[in-house]
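Below, each chain spelled out in residue letters.
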Amino acid sequence: MEKREEAKEVVEDEEQVVNPWEVSAKDGGKIDYDKLIDKFGCQRLDDSLIQRVQRLTNRPAHVFLRRGVFFAHRDFSDILDAYEKGQKFYLYTGRGPSSEALHLGHLIPFMFTKYLQDAFKVPLVIQLTDDEKCMWKNLSVEESQRLARENAKDIIACGFDVSKTFIFSDFDYVGGAFYKNMVKVAKCVTYNKVVGIFGFTGEDHIGKVSFPPVQDPYFRMTRDVAPRIGYHKPALIESSFFPALQGENGKMSASDPNSAIYVTDSAKEITNKINRYAFSGGQDSIELHRKYGANLEVDIPFKYLGFFLDDDAELERIREEYGSGRMLTGEVKKRLTEVLTDLVERHRRARALVTDEMVDAFMAVRPLPNMFN
């Protein structure tokens, strides 16, 4: 008999809080990912698994895999087993459209999903939860729908294959078979369970309480319910948290535009944000820095380079030079500015080519089997 998973999405103890809306560690400390792996019942994405991905796809592993940005999984080995046998699978990810433009943290799952689609040559479904943001962010229905289409343009600009990618918004698509599954899921989730998972209180409106069956990103609940209604458990690949410019315990927020780099930022804005707001692990003076070097564990410019600098050899050189004090904070920030300016400019050019007709093409309903051709 299959062992049921405990559908609990919240980790809260004296050291750290991780739930769908908040991520923080005690006294400005680091998130303990080993503890998360244990609490959430995941497995680490180790080197043997990464080597297997490279062998099966005949291409180098993505930088996010090589550097542990995506660090854990549930049943990804089963997906690779199926792929090796010639069996079919598809990818799923999503976006809650609550702002006009995406920041770099929002781009990370789409950059990685683009790699997975290209590497495995499989279909992709992207869910835009405009209904969720209407309820949680107090946006009007019309504004939520408008933001969903604007965000879709940024997603399409990442380079997805339109013949293998279906993007849908909940407001436009929920109904039919989708609604039938929602009802099946809802019948399997008690009120006490949903309160335990999401922390709802008597002050939350009933729209929030009824929403979880709509959205698959609440994956532990999905994995608990799926076998009970006749489906396979979805396999997951999970990433580390992308820090705000102000540091690990900062929060990227649309209310503070200086907390993140947005894909709409100009080269001047990117330079200013990195120079003024990116938290440095360098020492207080050049003399001390030359003597002790930078604290790379807290240095945001170096952490960002770990996400976005493709060249492994250059990153290692910066690690050695900066960590030893031979390289100064200003030099690292300058290199990061170059990397991010180039990335944002390439994204801006790609997005400018995305038309409303292209958005319609990605959102055109078609049978999933046709996308495997």
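Going by an unreviewed UniProt entry, the chain carries the name Tryptophan--tRNA ligase, cytoplasmic isoform X2 and comes from Nicotiana tabacum.

**Student:** Before we go on, may I ask you to explain a nonpolar patch on the surface in this structure?
**Tutor:** On the surface, Val174, Tyr179 and Val183 cluster together to form a nonpolar patch covering roughly 240 Å² of accessible area. Structurally, the position occupied by Tyr179 is in helix H9 (residues 176-188).

**Student:** Whenever I open this one, unusual backbone geometry confuses me. Can you help?
**Tutor:** Most peptide bonds are trans, and most residues other than glycine sit at a negative phi. With a phi close to 60°, Asn58 is a non-glycine residue in the positive phi region. Looking at where Asn58 falls in the secondary structure, it is placed in the loop between helix H2 (47-57) and helix H3 (63-66). Phi at Asn138 is positive, roughly 60°, even though this residue is not glycine. Structurally, the position occupied by Asn138 is in the loop between helix H6 (130-136) and helix H7 (141-156).

**Student:** Is there a simple way to explain the sheet that holds strand S6 (residues 91-95) in this structure?
**Tutor:** By definition, the strands of a sheet pair up through backbone hydrogen bonds, in either a parallel or an antiparallel sense. Pairing within the open sheet is parallel, and its three strands lie in the order S6-S7-S8. Of all the strands in the sheet, the pair left with one neighbour each is S6 and strand S8 (165-169). Sheet twist, expressed as the mean angle between neighbouring strand axes with direction ignored, is 20°. Across five bridges, S6 lies against strand S7 (residues 124-128) in parallel orientation.

**Student:** It is not clear to me how helix H16 (residues 312-324) should be interpreted in this structure. Could you clarify?
**Tutor:** Because an α-helix completes one turn every 3.6 residues, residues spaced three or four positions apart along the sequence face the same direction. For H16, with 13 residues, the first-to-last C-alpha span of 18 Å sits near the 18 Å given by 1.5 Å per residue. Considered for burial, the residues of H16 that qualify are Glu314, Leu315, Ile318 and Tyr322. Along the axis of H16, the buried positions cluster into a sector of 95°, meaning they face one direction only. Taken together, the buried residues of H16 touch helix H14 (286-292), helix H15 (300-308) and helix H17 (329-352). A side-chain oxygen of the first residue of H16 lies 2.9 Å from the backbone nitrogen of Ala313; this N-cap is Asp311. Positive backbone phi, at 95°, marks Gly325, one or two positions downstream of H16.

**Student:** It is not clear to me how the packing of aromatic side chains should be interpreted in this structure. Could you clarify?
**Tutor:** Geometrically, a pair of aromatic rings is defined through the distance of the ring centres and the angle of the planes. Under the defined criterion, the tally for this structure stands at 17 aromatic pairs. Plain terms: the ring middles of Phe242 and Tyr304 are 4.6 Å apart, the flat faces sit at 25° to each other, and that makes the pair stacked. Highlighted residues: Phe242 in the loop between strand S9 (236-239) and helix H13 (267-277) and Tyr304 in helix H15, separated in sequence by 62 residues. With respect to burial, Phe242 and Tyr304 carry one shared label: buried.

**Student:** Looking at this model, I keep getting lost on the confidence of the model for the chain. Mind explaining?
**Tutor:** In low-pLDDT regions, the fine details of the predicted coordinates are not to be read closely. Per-residue confidence for the chain gives a mean pLDDT of 88; residues scoring 70 or more make up 90%. The secondary structure element of the chain with the lowest average pLDDT is strand S1 (residues 11-12), at 53, and the one with the highest is H17, at 98. Below pLDDT 50 for its whole length, residues 1-10 participates in 35 contacts with residues either more than four positions away or in separate chains.

**Student:** Teacher, can you tell me more about the sheet that holds strand S4 (residues 43-44) here?
**Tutor:** What the three strands build is an open sheet, ordered S4-S5-S9; its pairing is antiparallel. One side of each edge strand has no neighbouring strand; the edge strands of this open sheet are S4 and S9. Both strand S5 (residues 70-74) and S9 contribute to a ladder of four bridges, which runs antiparallel. Each residue of the ladder has a partner; that of Ala72, found in S9, is Glu238.

**Student:** Looking at this structure, I do not really get the nonpolar core. What am I missing?
**Tutor:** In a soluble, globular protein the nonpolar side chains are often hidden away together inside. Leu104, Phe308 and Leu340 are the most contacted members of the largest nonpolar core, which has 72 residues in total. Dropping the residues within four chain positions of it, Phe308 is found in contact with Leu104, Ile108, Met111, Phe242, Val339, Leu340 and Leu343. If you look at the next biggest cluster of nonpolar residues, it comprises twelve residues, including Val189, Val194, Met221 and Ile229.

**Student:** Help me out: how do you make sense of the packing of H2 against helix H4 (residues 76-84) in this one?
**Tutor:** When two helices pack together, their arrangement is captured by the angle between the axes and the distance separating the axes. Running from N to C, H2 and H4 point in directions that differ by 25°, and their axes come no closer than 11 Å. In terms of their interaxial angle, H2 and H4 are classed as roughly parallel. Classified by chirality, the crossing of H4 by H2 is left-handed. Each of Leu49, Arg52, Val53, Arg55 and Leu56 in H2 lies in contact with H4, whose residues at this interface are Phe76, Ser77, Leu80, Asp81, Tyr83 and Glu84. For the contact of H2 with H4, a count of residues per class yields six nonpolar, one polar and four charged.

**Student:** What is the right way to read H17 from this model?
**Tutor:** Here H17 spans 34 Å end to end across 24 residues, near enough to the 34 Å set by a 1.5 Å rise per residue. Within H17 the residues assigned to the buried category are Thr329, Val332, Lys333, Leu336, Thr337, Val339, Leu340, Leu343, Val344 and His347. Its buried side turned inward, H17 meets helix H5 (104-120), H7, H13, H14, H15 and H16.

Rules behind the numbers
- Numbers given to residues run from 1 along each chain, matching the order in which its sequence is written.
- With the structure being a predicted model, the display of local features is reserved for residues of pLDDT at least 70 and the display and counting of side-chain atom pairs for 80 or more, all residues being used for whole-chain, interface and lining totals.
- The side-chain numbers reported here are obtained from all heavy atoms of the structure, hydrogens and water having been left aside.
- Like-charged residues are merged into a patch within 9 Å and nonpolar side chains (Val, Leu, Ile, Met, Phe, Trp, Tyr) within 5 Å, provided each residue has over 30% relative accessible area and no salt bridge.
- Surface accessibility follows the Shrake-Rupley procedure with a 1.4 Å probe radius. Residue values consider only the protein chains on display as shielding.
- Throughout this description, the term salt bridge denotes a Lys or Arg side-chain nitrogen within 4 Å of a carboxyl oxygen of Asp or Glu.
- Strands here are runs of E lasting at least two residues and helices are runs of H or I lasting at least four, both read from the DSSP assignment and numbered beginning at the N terminus.
- Any two strands with at least two DSSP bridges between them are considered paired.
- Under this scheme, a helix contributes an axis fitted over its contacting stretch, all axes are lines through C-alpha atoms, and angles between N-to-C directions fall in the 0 to 180 degree range.
- Here the expected length of a helix is defined as 1.5 Å per residue gap, with one fewer gap than residues.
- For each residue, the accessible area found with a 1.4 Å probe, counting protein chains only, is set against the maximum for its type, and the residue is called buried under 20%, exposed over 50%, and partly exposed in between.
- Each direction from the helix axis to a C-beta atom contributes to the arc, which is the arc of those directions.
- Here, two residues are considered to be in contact whenever any of their heavy atoms come within 4.5 Å of each other.
- Each polar contact in these results corresponds to two N or O atoms within 3.5 Å; when the atoms are within protein, one needs to be able to donate a hydrogen and the other to accept it, and residues that are neighboring in sequence are counted only if both atoms are side-chain atoms.
- When two rings of Phe, Tyr or Trp (its six-membered ring) have centres within 6.5 Å they constitute a pair, described as stacked for plane angles under 30 degrees, edge-to-face for angles over 60, and tilted for the intermediate range.
- A residue's pLDDT is the predictor's confidence in that residue, given on a scale from 0 to 100.
- Residues enter a nonpolar core if they are buried and are Ala, Val, Leu, Ile, Met, Phe, Trp, Tyr or Cys, with the set joined through side-chain atoms within 4.5 Å.
- Under this scheme an angle from 65 to 115 degrees is roughly perpendicular, one under 35 degrees roughly parallel, and one over 145 degrees roughly antiparallel; angles in between are oblique.
- When the near helix sits turned anticlockwise from the far one by under a right angle, the crossing is termed left-handed; a clockwise turn instead gives a right-handed crossing.
- Only Asp, Glu, Lys and Arg are considered charged in this grouping, and only Ala, Val, Leu, Ile, Met, Phe, Trp, Tyr, Cys and Pro are considered nonpolar; every other residue, Gly among them, is considered polar.

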